[in-house]
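Residues per chain are reported as follows:
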Amino acid sequence: MNSNEPILFLKSFLQSPKHVGSIIPSSRFLANKMVNQAPWLDVKAVAELGSGTGAITRYIHQQAQDSTHVLLFEMNETMRNNLKTEYPAFPCYPDASRLVESMKQEGVEQLDCVFSGLPFFNFESELRNTLVDQIHKALKPEGLFIAFQYSLQMKKTLSEKFIIEKIELVPLNVPPAFVYVCRKKETI
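Residues numbered from 1 in each chain as written. Predicted model: local features only at pLDDT ≥ 70, side-chain atom pairs only at ≥ 80, totals over all residues. Heavy atoms only, no water.

Let's talk about helix H7 (residues 125–138)
The end-to-end C-alpha distance of H7 is 20 Å, a good match for the 20 Å that 14 residues give at a rise of 1.5 Å each. Within H7 the residues assigned to the buried category are Arg128, Leu131, Val132, Gln134, Ile135, His136 and Ala138. (Helix = DSSP H or I, 4+ residues; strand = E, 2+ residues; numbered from the N terminus. Expected span 1.5 Å × (residues − 1). Buried < 20%, exposed > 50% of the residue type's maximum accessible area, 1.4 Å probe, protein only.)

In structure tokens form, the structure reads like this:
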């Protein structure tokens, strides 16, 4: 993490707390816990929603194979531009609610895994539902959705479209966070 990242994150939080969700970037402990859930040798395409300053992106970059498609989503223009500079091979889009459309632009049919740092429960219910639906549509059968949240409030919503395999607390994060590891549930 460079020295400007915490300042940029705090500034973004103060400008839009409902969209940023925290005053500092995710810890390495949280990033490791999330990224290590994916079976990287079998992963062909992933997306990270709410990439921020790249706290989790760094670990995705370390684990992804050269042939892995990685799509980033960050609405904050300054953070998005920084991500584009730091990770030029990873296309970066501003709107995670257009995940499936963005995948089509990149020639990606399905994702093996979606990582998310989005503060879902801060969003209006319509946006929250759109995001969960887009993630479900984007994932391959049995694909993984790995997200962190600061509470367990999303458990019911996520269980409608995903099988929640586990929820783990990461106490070494400010604030402490829950990592949800979910598998796509096939709809009938």
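Having seen it, we continue.
Description of the side chain of Thr157
If you trace the backbone, Thr157 turns up in helix H8 (residues 155–159). Residue class for Thr157 comes out buried when judged on its relative accessible area of 19%. Ignoring any residue separated from it by four or fewer positions in sequence, one finds Thr157 in contact with Asn129 and Val132. (Contact = heavy atoms within 4.5 Å.)

Some points on the packing of aromatic side chains
To describe a pair of aromatic rings, one takes the distance between the centres and the angle between the planes. On inspection of all chains with the given rule, the structure shows 7 aromatic pairs. Residues Tyr87 and Phe90 carry aromatic rings whose centres are separated by 5.7 Å and whose planes lie at 5 degrees to one another, so their mutual orientation is stacked. The class of Phe90 is buried, set by a relative accessible area of 9%. Note on Phe145 and Phe162: the rings are 5.3 Å apart at their centroids and 35 degrees apart in plane angle, and the pair reads as tilted. Placement of Phe145 in strand S5 (residues 139–149) and of Phe162 in strand S6 (residues 162–170) is noted, with a sequence separation of 17 residues between them. Each of the two residues, Phe145 as well as Phe162, counts as buried. (Phe/Tyr/Trp six-rings, centres within 6.5 Å; stacked < 30°, edge-to-face > 60°.)

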